[in-house]
Number of protein chains: 4
Amino acid sequence: MKTFFPNIPEKLPFEGPGSKNPLAYKYYNPTQMVGEKTMAEHMRFAVAYWHTFRASGQDPFGAPTFVRPWVKADSPMEQAEYTVRAAFEFAQKLGVSFYCFHDRDLAPEGETFAESCANLEKMVEKAKQLQQDTGIKLLWGTANLFGHPRYAHVAATNPDAHIFAHAAAQVKHAIAATKELGGVNYVFWGGREGYETLLNTDMKREQEQMARFFHMAVDYAKQIGFDGQFLIEPKPKEPTKHQYDFDAATILEFLRAYDLFDHFKLNIEANHATLAGHSFEHDLTVASINGKLGSIDANVGDPLLGWDTDQFPTDPAMCALAMLVVLKQGGLGKGGLNFDAKPRRGSFDEIDLFYAHISGMDTFARGLLAAHQIIEDGVLDNFIKERYASYTDGIGKQIMGGQETFESLEQYVLQEDDPAFKSGRQEMLESILHSYL
Amino acid sequence: MKTFFPNIPEKLPFEGPGSKNPLAYKYYNPTQMVGEKTMAEHMRFAVAYWHTFRASGQDPFGAPTFVRPWVKADSPMEQAEYTVRAAFEFAQKLGVSFYCFHDRDLAPEGETFAESCANLEKMVEKAKQLQQDTGIKLLWGTANLFGHPRYAHVAATNPDAHIFAHAAAQVKHAIAATKELGGVNYVFWGGREGYETLLNTDMKREQEQMARFFHMAVDYAKQIGFDGQFLIEPKPKEPTKHQYDFDAATILEFLRAYDLFDHFKLNIEANHATLAGHSFEHDLTVASINGKLGSIDANVGDPLLGWDTDQFPTDPAMCALAMLVVLKQGGLGKGGLNFDAKPRRGSFDEIDLFYAHISGMDTFARGLLAAHQIIEDGVLDNFIKERYASYTDGIGKQIMGGQETFESLEQYVLQEDDPAFKSGRQEMLESILHSYL
Amino acid sequence: MKTFFPNIPEKLPFEGPGSKNPLAYKYYNPTQMVGEKTMAEHMRFAVAYWHTFRASGQDPFGAPTFVRPWVKADSPMEQAEYTVRAAFEFAQKLGVSFYCFHDRDLAPEGETFAESCANLEKMVEKAKQLQQDTGIKLLWGTANLFGHPRYAHVAATNPDAHIFAHAAAQVKHAIAATKELGGVNYVFWGGREGYETLLNTDMKREQEQMARFFHMAVDYAKQIGFDGQFLIEPKPKEPTKHQYDFDAATILEFLRAYDLFDHFKLNIEANHATLAGHSFEHDLTVASINGKLGSIDANVGDPLLGWDTDQFPTDPAMCALAMLVVLKQGGLGKGGLNFDAKPRRGSFDEIDLFYAHISGMDTFARGLLAAHQIIEDGVLDNFIKERYASYTDGIGKQIMGGQETFESLEQYVLQEDDPAFKSGRQEMLESILHSYL
Amino acid sequence: MKTFFPNIPEKLPFEGPGSKNPLAYKYYNPTQMVGEKTMAEHMRFAVAYWHTFRASGQDPFGAPTFVRPWVKADSPMEQAEYTVRAAFEFAQKLGVSFYCFHDRDLAPEGETFAESCANLEKMVEKAKQLQQDTGIKLLWGTANLFGHPRYAHVAATNPDAHIFAHAAAQVKHAIAATKELGGVNYVFWGGREGYETLLNTDMKREQEQMARFFHMAVDYAKQIGFDGQFLIEPKPKEPTKHQYDFDAATILEFLRAYDLFDHFKLNIEANHATLAGHSFEHDLTVASINGKLGSIDANVGDPLLGWDTDQFPTDPAMCALAMLVVLKQGGLGKGGLNFDAKPRRGSFDEIDLFYAHISGMDTFARGLLAAHQIIEDGVLDNFIKERYASYTDGIGKQIMGGQETFESLEQYVLQEDDPAFKSGRQEMLESILHSYL
């Protein structure tokens with residue numbers, strides 16, 4: 001059977017930090033124990049079907065630049081088959097155990113909705129077989145509710161109920177496909193859900209539509225016995241001017257307002273957090289302290305560009321801060337680190353896909369090692385514990401216990417000397433963080 | 001008695017759009033009826049004590065530039081007295097019925113907390129007398145929990161419980177002062193509440209502290225019988241790197257999570273919305289559709305600058321969009337339009353304060369007139385009504401009524417023809433909006 | 001012969017500000033005199049071939065949404081013919097006298113370079129005939145050096161000399177086509193000229209390549225007797241991370257450094273200026289005071305989005321500030337106002353193209369009227385003249401005349417009293433500006 | 001004699017990467033050879049007088065928080081004396097050989113200009129003595145033309161010639177002071193030079209004023225025999241809306257336009273580059289390839305905040321990219337790395353100043369080591385050399401040699417096959433860069 005990456009060895013080796021081999025890992029050693037888990041278990045890396053196998057290098061100013069061997073086919077379905085085979089070959093050679101997809105990545109849109117569904121079912125069978133052959137698993141599935149022109153005015157928040165219905169029917173099949181493939185999560189990325197201008201928009205109504213859509217999804221999953229985790233992925237804008245799933249806090253607000261809080265966790269993407277004006281670790285933390293950090297889209301944006309560049313991470317410090325959040329909550333559970341990232345448009349070759357993933361995985365491996373050691377050494381935790389010590393005793397404990405009032409605290413202030421000013425030691429802590437990298 | 005604006009007439013006139021008199025209103029005519037209310041009743045303009053009377057023109061790179069006659073005094077308390085007299089003279093001549101203040105604007109910080117409280121009480125008596133003399137009222141009071149070095153690591157979210165207590169005691173007096181002056185709202189602007197770095201921060205704990213603080217405030221208001229509206233004002237950053245009251249949605253999330261939803265509304269500021277990546281009308285709408293738009297800080301930022309420039313509004317279209325939200329919710333109720341805005345540092349003179357306010361008030365008056373007429377003509381409302389018509393009947397009505405499922409909608413889709421694509425007509429609607437200005 | 005806009009009247013009427021007809025001009029009255037020129041002569045509006053006739057509504061997340069009647073054809077050349085006929089019909093009905101194109105807008109890329117050239121020549125003949133039939137003229141032509149994959153690593157600054165040669169050959173034909181069509185300008189929009197990462201880039205060498213390319217273009221124009229104005233269009237980024245033609249100042253620097261200053265002017269685009277961190281009027285002014293403002297791409301971005309949204313202008317104040325610069329330099333000469341703007345992706349219909357252009361043209365007409373009256377009344381000019389009066393006499397005149405030194409000025413300072421501080425009156429001036437709108 | 005940092009050892013030790021001592025260097029070892037120079041010679045670190053000794057922790061929303069022992073004095077001049085002694089003690093203990101100052105950092109503004117000059121002269125004597133005692137040298141001096149209210153409408157570009165004269169007189173003394181102290185550079189940071197609104201600004205005139213000012217400075221330096229390097233420091237905005245020294249390219253344009261090119265180099269600051277929308281290495285490269293990289297302000301901004309945060313660098317990759325530019329141009333010559341950076345407002349203590357500088361110096365040391373090794377190994381240089389190889393021979397060589405025209409290149413294109421597409425290998429190169437860190 002045809003191979004799509006003939007010049008890549010069966011499995012990329014780990015050669016350690018000294019290696020100059022661009023096709024070897026310098027830090028990511030899947031079987032290496034870090035605490036009580038292997039690196040692979042900690043990070044649960046996934047390859048993103050859309051960027052890695054379906055992207056063409058097209059951008060708003062230019063035509064496709066990537067000429068992948070798996071797109072040369074006599075029909076869309078043949079192309080889909082080549083693609084899925086390329087995907088599993090890639091993941092195997094890379095040494096990654098998971099993948100993620102949108103329904104329309106895996107199988108082409110048909111002439112009719114029924115044909116689209118049939119295409120998807122056929123491709124699910126192919127993927128299922130390849131999963132069995134290789135041991136590679138589905139981290140999550142999702143539905144593409146943004147590519148087709150019918151979704152130009154969005155899917156669940158569309159002013160046309162007919163299109164809402166279309167989105168519902170499509171997600172039904174995407175969830176079913178995810179279940180069939182043993183996917184442990186299902187992601188809702190609103191894509192375009194939002195508005196271009198308030199001049200033509202009834203925001204309240206659209207929010208209610210979105211809530212109704214999510215309730216239907218919950219009901220459907222229950223009915224078919226899908227027990228994967230539902231995840232919503234925040235993004236503030238792009239392509240739409242304003243997107244309703246702006247950031248972690250906005251989604252949590254929506255879930256609370258519409259009685260959906262128990263049914264969803266979040267899939268946090270680095271580049272989406274920064275587009276919303278937050279650091280990656282900020283949105284991870286907001287999700288985590290609310291018990292809602294479900295999975296991560298591992299990428300990075302360019303801080304000087306105002307759109308989602310979806311680059312592979314290269315900064316170990318960013319990854320260390322992310323892994324600190326993950327380790328402190330006891331891991332990602334069913335979730336993983338999905339590389340929602342793409343090589344630049346001028347990185348034409350298949351080998352660039354390998355270089356890019358190696359770079360991202362090595363970077364996260366460095367971050368994991370640093371985060372683990374920082375926690376082992378307790379350097380940050382002890383500092384924080386001491387910093388808030390006044391709340392574990394005395395007046396602070398009473399405040400948090402609900403035993404104080406504005407009046408009692410006024411009495412306290414009038415009796416005490418002025419409080420001491422304690423440095424936050426930001427510069428020392430930054431220096432310590434970097435000493436672990 | 002000394003007058004502080006000797007060259008300004010007793011009351012600035014309305015002269016209409018043709019006037020070239022820079023000290024006359026061209027659009028703001030307080031007694032003009034717009035629908036069933038006067039312009040003054042619709043907008044309830046307020047002067048901000050801090051920018052207009054206390055600002056010095058100091059910026060991070062330079063010393064004060066404004067030399068106000070009311071700061072020349074022999075003691076801080078004498079200066080405070082001159083200032084309050086200047087404030088009421090200014091508001092009267094401008095023809096504005098409300099003002100807003102922080103506790104430390106009105107009265108100077110003393111050597112001790114007790115002295116600060118005594119100073120505040122004395123100045124509240126002065127202000128009360130001036131309110132009676134002039135008929136000018138307090139729109140809202142608030143406490144400055146960000147200026148003093150004790151709040152460098154913030155107030156309610158301070159890692160030191162002693163400083164939490166200090167903030168509590170200070171807010172107690174600020175609420176009491178607001179009540180004494182008949183203030184109809186009390187604003188919480190978190191100021192610095194947030195963090196500089198997550199390396200030294202326990203975000204979950206800090207959120208719990210903030211919730212505790214707000215519950216105490218609710219209890220205190222109840223106890224003393226303060227029935228003004230509590231308002232929280234979002235701001236995403238500046239001076240702090242990340243502020244917890246990021247935007248309207250984030251605050252609503254917090255209020256829901258900590259059982260505070262019924263006790264607070266929001267005070268939305270234009271420049272804070274844009275710093276958070278939202279348009280002014282976006283954050284107004286988010287607040288309004290949740291029943292939480294309480295009051296407005298009327299200003300504007302420079303879209304090319306990354307900090308809060310607090311400029312007076314000059315764009316009638318922006319104000320029309322804001323007033324559309326206000327009119328649709330039936331007005332601001334107890335709230336108003338507070339000019340949280342300042343002349344540029346090089347606008348040295350007292351007369352620049354008048355020019356600036358006139359500019360802002362005329363701009364909002366143009367916005368009000370346009371918004372009112374747009375609603376009267378129904379142009380936007382009818383368009384929106386028709387756009388979502390599919391939800392008022394048939395499948396759309398059943399979806400929103402909870403009578404459909406993913407499966408029933410799939411059956412619907414399979415039976416129906418493809419949905420039609422309807423233009424959102426953004427460009428036509430923008431053109432219509434501007435034809436009213 | 002087939003008409004492409006059957007429901008649009010032969011020529012859109014001017015109906016004045018009171019009109020509610022969305023297909024009528026409210027402010028743009030082409031024959032109305034404003035000073036010594038008609039509105040049409042002042043603004044020289046042009047339609048952009050690429051956005052208006054070639055755009056599909058595709059965006060990075062979704063497929064084409066516009067289904068234009070002129071794209072339904074049996075071959076690319078037939079499609080090109082329908083398109084050019086649609087373009088002239090559109091411009092005539094809109095009442096606009098100019099258009100602008102890229103070579104690949106007008107004629108499709110062929111299998112070979114020779115075929116591409118032949119296609120272009122054929123379409124130039126068609127366009128020439130239509131120009132004669134309608135009186136509509138070519139404001140400028142340009143070459144698309146960014147769409148084809150060969151230009152992924154850019155054109156003139158490509159590391160491969162073969163691709164430099166390709167770009168040179170293509171621009172040769174584009175200039176020749178522009179000459180053939182009587183185009184009065186030729187625009188260089190670098191498109192991708194710049195870099196994605198400095199890790200693989202020799203910036204100095206690439207700048208030298210770009211300079212060489214421009215010198216060749218100057219030589220070629222001279223040789224064939226093309227006397228149109230060469231224009232360079234700044235853009236800081238997108239699609240490329242960093243583009244060499246960052247803003248007006250950067251291009252002027254480049255032109256001076258490489259002995260090209262006399263041969264080029266600038267084509268300033270509003271949305272490109274704001275992406276570079278400047279206001280539109282800033283970059284217009286930088287170009288103008290250097291004698292280099294040649295033409296304008298009339299559009300606007302969304303200040304809250306970080307990419308080029310290319311929207312039609314709706315803010316009369318922005319247009320007034322732009323037209324102030326234009327009027328002060330005595331008009332645009334050979335240049336014009338080209339609508340490098342597109343309807344939103346969800347504005348599916350051909351009629352939206354008309355709504356959008358009407359909106360843009362009316363907005364600029366309001367700006368022109370205001371700018372003209374402001375200059376007539378002298379309000380801003382007199383203020384500025386007085387503000388700098390100290391340089392027209394005495395010490396200021398001597399300074400600018402080169403008669404003073406640091407030492408003589410020290411003596412002056414020591415003898416004089418402290419300088420007075422004069423307000424810049426920004427708020428008053430803003431108010432005056434808006435009183436003209 | 002009083003010591004200001006009693007708990008800090010005489011000289012901070014180098015202890016290597018394994019050290020947990022927050023008061024030791026882990027990477028910066030001043031005497032370690034890197035190539036043919038020591039680390040100290042490569043980097044020529046300087047302490048910034050303003051941030052380190054004069055900053056108070058004040059910000060736009062809050063009062064000073066730092067209580068430095070050297071500010072407790074009976075008079076401004078006594079305070080100045082304590083401060084200069086603290087400065088030299090700090091630099092010695094830190095192990096840094098240079099410092100930088102503004103005139104008003106070193107000595108207080110007096111009642112009159114003459115008194116200000118006298119104050120400066122006295123303090124220059126003190127500093128000169130301390131330089132002799134310690135061997136610490138002046139990297140550069142500058143004048144503060146932005147703090148005093150007289151400069152609210154700027155200095156050299158002030159509409160009042162009297163204030164231009166004041167600025168001239170002040171810079172005269174600042175240059176003289178720099179000469180007296182053996183300073184090897186003199187920096188012009190425009191500070192506020194620019195405009196708040198074009199409504200009151202004559203940009204052309206202001207540029208001419210600025211040019212005149214610089215010519216006078218050149219003349220003055222020549223006259224007194226100051227042979228230090230003149231440097232201009234770009235910054236795009238803050239405090240002023242638009243600053244004329246926007247970025248490196250803008251300054252080069254200005255220097256070329258006004259016949260000043262030979263007399264100035266640039267002082268590039270990381271945080272100013274990023275505020276202008278550029279990466280640090282971008283603006284360093286622009287300066288360097290024009291032979292104009294004179295010195296560096298070593299700091300970093302927060303990419304999510306829109307103002308100059310002036311933080312100490314913590315990212316070794318950023319410093320490696322910077323040092324690559326420096327090493328490739330053969331070092332900084334007279335220039336150095338000046339820490340124009342400050343601890344956060346809540347880092348109250350003197351010891352935080354040490355932590356912060358150690359962090360910055362260690363980060364740059366890591367960058368230097370990586371950059372040196374990358375150059376030694378030739379990994380990037382060889383890649384780039386090969387990437388542009390087509391210009392060293394054949395058609396590329398002829399293009400750059402001026403032997404080709406658009407026509408000859410068309411013939412070339414018609415004869416040759418299509419060019420091959422070569423990947424830019426960005427991801428591989430990023431991975432290689434990080435493998436050196």
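Scope of this entry: the structure provided in the associated data block. (Residues numbered from 1 in each chain as written. Chains lettered and ligands numbered in written order. Predicted model: local features only at pLDDT ≥ 70, side-chain atom pairs only at ≥ 80, totals over all residues. Heavy atoms only, no water.)

Under the criterion given, the structure shown has 84 salt bridges over all chains. Of the charged contacts in the structure, one is a salt bridge between glutamate 109 of chain A and arginine 104 of chain A, with a shortest N-O distance of 3.1 Å. In this structure glutamate 109 of chain A comes out as partly exposed when scored by relative accessible area, which is 34%. The exposure class assigned to arginine 104 of chain A is buried, which follows from its relative accessible area of 12%. Residue lysine 126 of chain D is joined to glutamate 81 of chain D by a salt bridge in which the shortest nitrogen-to-oxygen separation is 3.5 Å. Taken together, the positions of lysine 126 of chain D in helix α5 (residues 113-134) and glutamate 81 of chain D in helix α3 (residues 76-94) put the pair 45 residues apart, joining distant regions of the chain. (Salt bridge = Lys/Arg side-chain N within 4 Å of Asp/Glu carboxyl O. Buried < 20%, exposed > 50% of the residue type's maximum accessible area, 1.4 Å probe, protein only. Helix = DSSP H or I, 4+ residues; strand = E, 2+ residues; numbered from the N terminus.)

Our next topic: the interface of chain C and chain D. Taken together, the contact pairs 97 residues of chain C with 97 residues of chain D. Together, the buried faces of chain C and chain D total about 8200 Å²; carbon and sulfur atoms form 67% of this surface. Sorting the residues of chain C by area buried against chain D places Leu199, Tyr388 and Phe406 of chain C first, and these three jointly supply 11% of that buried surface. Between the two partners, chain C and chain D, sit six salt bridges. Applying the counting criterion to the chain C and chain D interface returns 36 residue pairs in polar contact (both at pLDDT 80 or more). Of the residues forming the side of chain C that touches chain D, the biggest block, 13 residues, is contributed by helix α7 (residues 203-224) of chain C. (Contact = heavy atoms within 4.5 Å. Buried area = accessible area lost by both parts, 1.4 Å probe. Polar contact = N/O pair within 3.5 Å; in protein donor to acceptor, adjacent residues only side chain to side chain.)

This part covers empty space enclosed by the protein. Residue and element names in this part refer to chain D. Within this model, the largest cavity holds a volume of roughly 150 Å³. What lines the largest cavity is a set of 15 residues, among which Leu145, Phe188, Trp189, Gly190 and Glu193 lie closest to the centre. Residue assignment for the lining of the largest cavity shows that the elements contributing at least two residues are β6 (185-189) and α7 (203-224). (1 Å grid on protein atoms, 1.4 Å probe; cavity = no way out; pocket = protein on both sides within 12 Å on 5 of 7 lines; lining within 4 Å. Points joined across faces, edges and corners; volume = space filled by probe spheres on them.)

All names here are of chain A. Strand order in the closed barrel made by the eight strands is β3-β4-β5-β6-β8-β10-β11-β12, with parallel pairing throughout. Strand-to-strand twist across the sheet, computed as the mean angle between neighbouring axes with direction ignored, equals 30°. Where strand β11 (residues 293-297) lies against strand β12 (residues 337-339), two bridges are found, and the strand directions are parallel. Bridge pairing in β12 places aspartate 297 opposite asparagine 338. (Pairing = 2+ DSSP bridges. Axes fitted to C-alpha atoms, helices over the stretch in contact; angles between N-to-C directions.)

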